[in-house]
Amino acid sequence: MRGVCKRFPGVVALDRVDFDLRAGEVHVLLGENGAGKSTLMKILSGAYRKDAGEILISGRHAAIESPRAAQALGVATIYQELSLVPQLSVAENILLGHEPARAGWIDRRALRDAAQRSIEDVGITLDLDRRVDRLGLAEQQMVELAKALFRRARVLVMDEPTSALTTREIDRLFDVVRRVTANGAGVVYISHRLQELSRIGDRVTVLRDGRHTGTFALADVSIDQLVCLMANRDVRDHFPRRRAVPGDELLRLEHVSAVSGVDDVSLTVRRGEIVGVAGLLGAGRTELARVIAGADRPASGRVFVKGREVTPKSPRHAIRAGIGFLPEDRKRHGLVLQLSVQANIGLPSLQRWSRGGVVSQRAEHDEARRWVGELRIKTPTVGERVVRLSGGTQQKVVLARWLAAQADILVMDEPTRGVDVGAKVEIYELMNGLTDAGAGILMISSELPEVLGMSDRIYVMRRGRIEAEMDGPSATEQQVLQCALGWA
Amino acid sequence: MSGRPEGLHYTTAMSAFGSGRRFGAIAGLVGLCVLLWALTPHFLTVSNALNVMEQTSINAIVAVGMTFVIVSGGIDLSVGSLVAFSGVVLAAALKAGWPAPAAVGAALAVGAACGLANGLVIALGRLPPFIMTLGMMSVARGAALMFTDGRPISGFDAPFRAIAVSRIAGVPAPILITLLIYGAAHLVLARTRFGRYVYGIGGNEEATRLSGVAVHFHKTMIYVVSGVMSAVAAVLLTARLNTAQPIAGIMYELDAIAAVVIGGTSLSGGEGTLGGTLIGALTMGVLRNGLNLLGVSSFLQQLVIGLVIVVAVLVDTLLKEKKS
């Protein structure tokens, strides 16, 4: 890719970016939110059209005008949001659009055989007849890889493939990726997990504010150097937690259970505290968060807010008690993508800003501008639709919503998922500011360093139960992991 | 979006015509008018223009409710039957000697009640809007037929008929009523909490619920709005024709949906404006009127209108794609 440019209203997303991928390598693409990684990859995969520049594949000019054209040229993209048909089986998904058929009838045996060969190619074993929505995320990703290989993809784009995976699953995924590159394909790998890069990557390209800031062999470059190139500023301390003396109790759960997979959970959060919840995927952490936020009703148990029993019956009820919920999947559960930044921030607070049902546009606008300023939300105006913003910016919009709603208990489910190092630090600083101001935060995170670095206290969950409570500053990674795995 | 001071820079969905995104629809309507003007000299007379708008008013009013429903990600197939049902109730009340305001109130109550039934089952029973309102389409039609024994109710006093036939400063009352409703409905959609939640529910119902919005309540009210709009249309229709037919309003749902989508509102919800819908309704009205003036047979008219709906939405979709 040479001299690629892309403009959006008010933002230059890419400014003359060069990028090259060699056969058989894993090329890591690094950059802050809004640095242009996703845009560059969307141009490569045909989702966006470039404004200028050219793309060459195997030395030949490639006209990528549509996702279809990209696929035909051997470019396959594995997005954070997977693009499989959930109701179809593994085999059907792999061969979707290429079903072997005789006189219009699908040859089921040939379909299974072809699917079998392609999953063997990636070195995995899977039940071919299983519906994809019954598979775990990691398995779904492997199906995506098998699908891409079946289509003879030469260029594979993987966007944050490990963000939802456990360590074991990551190991398996990396085995698969190595097999793919050994077969001569090139992989563009987008990730923010620095420790993974040296394990899987060969070269790295850093983008900042839509510009190419450098390409190196990973062996020749230090993590500090990369962070400097990405972040515009030195990010030495990844976890700038300022611990405060905890105040009154804000939130208390007593023996809360829910059918979704929460089993007899009791916990407390006090003013000024960040309480981390660690655990493996499926340990019931998100389910717990949803109960506190009023999204799901508990089957039994009681919830107290500031000493008063409020056991949330609905999100509305929880919000009135001062609870704000930042969901794990902000596009599905957090934002109304077609609406503006302002409308998304205002959604729970309109009642406060309106009289007789009529919203004071002045009040809404001023509040939105205030929070956009304070959280440094990168948007041309508060009227911009959130669908046009990058992932990290969208997360800040959700946070702004709860600050505007005057929530003082924040339930954050994976607050820095898909967010780069620089913006992570910004979010951590925001969390510090919130606890300084007397808020309490319950933070669910799959990243152990984050849990250990930011939490004052830690609860470790396993199979819906609280397995242990630990002191944040003194807990070790091993202790938490052992608990979460049940090896303690 | 340009040309407005930054301090007045509100949500794109908020301005009446969606910040120029309806440009295609407006251009289409203007183009159509120019074409008809060239073909028939009578088209661009004041009396014909008023005539077109008056005839458009019924569909335009039904389409107001349909806009709320479609922006919220739903659909209301029962509007035509509700026009018939609330119309015959209105007529019967007038015949029974009720004063006009009371009879109109009864018609509005019937529309609201049917809309409420739609909304409650859709919101609480989680029935797809398509199914529920398809059912209501048949139920309300059946109720209208039973209520009148299948016969029309005709002949009303002049004070009631004044709603449709009087003129204020030379402008027929139905046009003024329609404009009034559009102005009010636009303000509701653009400036009130209810309006914002309509967009929220259509754009991402779960995110809206998690933001503490009483989604069930607002969803129900959306269908009540649609029912009431059908009843308002029934009042105008009954007053104009001086008769209420239990078989009135057939295919109104499709005309209303056509007006909404020609106006650039997406059937998948979350966006759309009443300004667009008004243009959509006018486009349909102008087209019908023009084809009549040109002496085109009613069979061919059907065909042409169908094609125009498809082409209009196609062009709008292509324009949007080009922009994004």
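(A) Local environment of the overall build of chain A. Across its full length, chain A holds 17 helices and 25 strands. For chain A, whose C-alpha radius of gyration is 24 Å, the value lies close to the compact-globule estimate of 23 Å for 488 residues. The dimensions of chain A, computed from C-alpha atoms along their principal axes, are 65 × 50 × 45 Å. Each of the 488 residues in chain A was classed as buried or not, and the buried ones make up 49%. If you take every contact in chain A between residues at least 6 apart in sequence, the share linking residues at least 24 apart comes to 69%.

(B) Representation of the overall build of chain B in the model. Of regular secondary structure, chain B possesses twelve helices and four strands. Among the 324 residues that make up chain B, the fraction classed as buried is 54%. Nonlocal contacts in chain B, meaning residues at least 24 apart in sequence, comprise 79% of its contacts between residues at least 6 apart.

(C) Geometry of the interface of chain B and chain A. With 25 residues of chain B at the contact, the number on the chain A side is 31 residues. In terms of residues, the side of chain B that touches chain A owes the most to one element, helix H8 (residues 193-210) of chain B, which gives twelve residues. Residue classes in the side of chain B that touches chain A are distributed as eight nonpolar, eleven polar and six charged.

(D) Representation of the packing of helix H3 (residues 79-95) of chain B against helix H4 (residues 100-124) of chain B within the structure. All names here are of chain B. Running from N to C, H3 and H4 point in directions that differ by 150°, and their axes come no closer than 8 Å. It follows from the interaxial angle that H3 and H4 lie roughly antiparallel. By crossing handedness, the relation of H3 to H4 is classed as right-handed. Residue-level inspection shows Leu82, Phe85, Ser86, Val89, Leu90, Ala93 and Leu94 of H3 in contact with H4, the latter providing Ala100, Ala102, Ala103, Val104, Ala106, Ala107, Val110, Gly111 and Cys114. For the contact of H3 with H4, the residue count by class is 14 nonpolar, two polar and no charged.

(E) Representation of the sheet that holds strand S25 (residues 465-471) of chain A within the structure. All names here are of chain A. Judged by pairing direction, the sheet is mixed, and its six strands sit side by side in the order S19-S22-S23-S16-S24-S25 without closing on themselves. Whereas interior strands pair on both sides, the edge strands pair on one side only; in this sheet they are strand S19 (323-326) and S25. With direction set aside, neighbouring strand axes in the sheet form an average angle of 20°. Alignment of S19 against strand S22 (residues 409-413), held across four bridges, turns out to be parallel. From the neighbouring strand, Gly324 faces S22, where its bridge partner is Leu410. Those strands touched by helix H9 (residues 285-292) are strand S16 (274-278), S19, S22, strand S23 (440-444) and strand S24 (457-462), and its axis lies near 150° from that of S22.

(F) Main features of the pairing of strand S7 (residues 75-78) of chain A. Residue and element names in this part refer to chain A. Where burial is concerned, the two faces of S7 agree: the one with Val75 and Thr77 and the one with Ala76 and Ile78 are both buried. Pairing analysis gives four bridges linking S7 to strand S10 (residues 155-159), with the strands arranged parallel. Bridge assignment links Val75 to a residue of S10, and that residue is Val155.

(G) Broad picture of unusual backbone geometry. All names here are of chain B. Non-glycine residue Asp149 carries a positive phi angle of around 60°. Within the secondary structure, Asp149 sits in the loop between helix H5 (129-148) and strand S1 (153-154). In this structure, Ala169 is a non-glycine residue whose phi angle is positive, near 55°. Looking at where Ala169 falls in the secondary structure, it is placed in the loop between strand S2 (167-168) and strand S3 (171-172).

(H) Spatial organisation of helix H14 (residues 391-404) of chain A. Residue and element names in this part refer to chain A. If you check H14, its first and last C-alpha atoms are 20 Å apart, about what 14 residues at 1.5 Å a residue would give, namely 20 Å. In terms of residue burial, H14 counts as a mostly covered element, since 13 of its 14 residues are buried. Just downstream of H14 lies Gln406, where phi reads positive at about 60°.

(I) How the structure looks around the nonpolar core. Ranked by internal contacts, the top residues of the largest apolar core, which has 177 residues, are Val411 of chain A together with Val62 and Leu90 of chain B. If you tally residues by element for this core, the top one is helix H9 (residues 215-241) of chain B, at 16 residues. Among all residues touching Val411 of chain A, those that are not within four sequence positions of it are Ala289, Ile292, Ala293, Ile323, Phe325, Leu326 and Leu442 of chain A. Grouped together as the second largest cluster of nonpolar side chains are 59 residues, Leu30, Met41, Ala62 and Ala146 of chain A included.

(J) Structural view of the environment of Arg320 of chain A. Residues and elements named next belong to chain A. Within the secondary structure, Arg320 is located in helix H10 (residues 315-320). Since 17 C-beta atoms lie within 10 Å of it, Arg320 is described here as partly exposed. Residues Arg320 and Thr77 lie 243 residues apart in sequence; the distance between their C-alpha atoms is 42 Å.

(K) View of helix H7 (residues 173-191) of chain B. Residues and elements named next belong to chain B. The terminal C-alpha atoms of H7 lie 27 Å apart, and with 19 residues this matches the ideal 27 Å at 1.5 Å per residue to within 8%. Of the positions making up H7, those classed as buried are Pro174, Thr178, Tyr182, Ala185, His186, Leu189 and Ala190. One side of H7 carries all its buried residues, which in axial view fall inside an arc of 120°. For H7, the exposed residues lying more than 90 degrees away from the buried face are Leu180, Gly183 and Ala184.

Thresholds applied
- Residues numbered from 1 in each chain as written.
- Chains lettered and ligands numbered in written order.
- Predicted model: local features only at pLDDT ≥ 70, side-chain atom pairs only at ≥ 80, totals over all residues.
- Helix = DSSP H or I, 4+ residues; strand = E, 2+ residues; numbered from the N terminus.
- Rg over C-alpha atoms; globule rule 2.2 N^0.38 Å.
- Buried ≥ 20, exposed ≤ 12 C-beta atoms within 10 Å, placed from the backbone.
- Contact = placed C-beta atoms within 7 Å.
- Nonpolar A, V, L, I, M, F, W, Y, C, P; charged D, E, K, R; others polar.
- Axes fitted to C-alpha atoms, helices over the stretch in contact; angles between N-to-C directions.
- Parallel < 35°, antiparallel > 145°, perpendicular 65-115°, else oblique.
- Left-handed = near helix turned anticlockwise from the far one by under 90°.
- Pairing = 2+ DSSP bridges.
- Expected span 1.5 Å × (residues − 1).
- Core = buried A, V, L, I, M, F, W, Y, C linked by C-beta atoms within 7 Å.
- Arc of directions from axis to C-beta.

Structural measurements only, silent on function.
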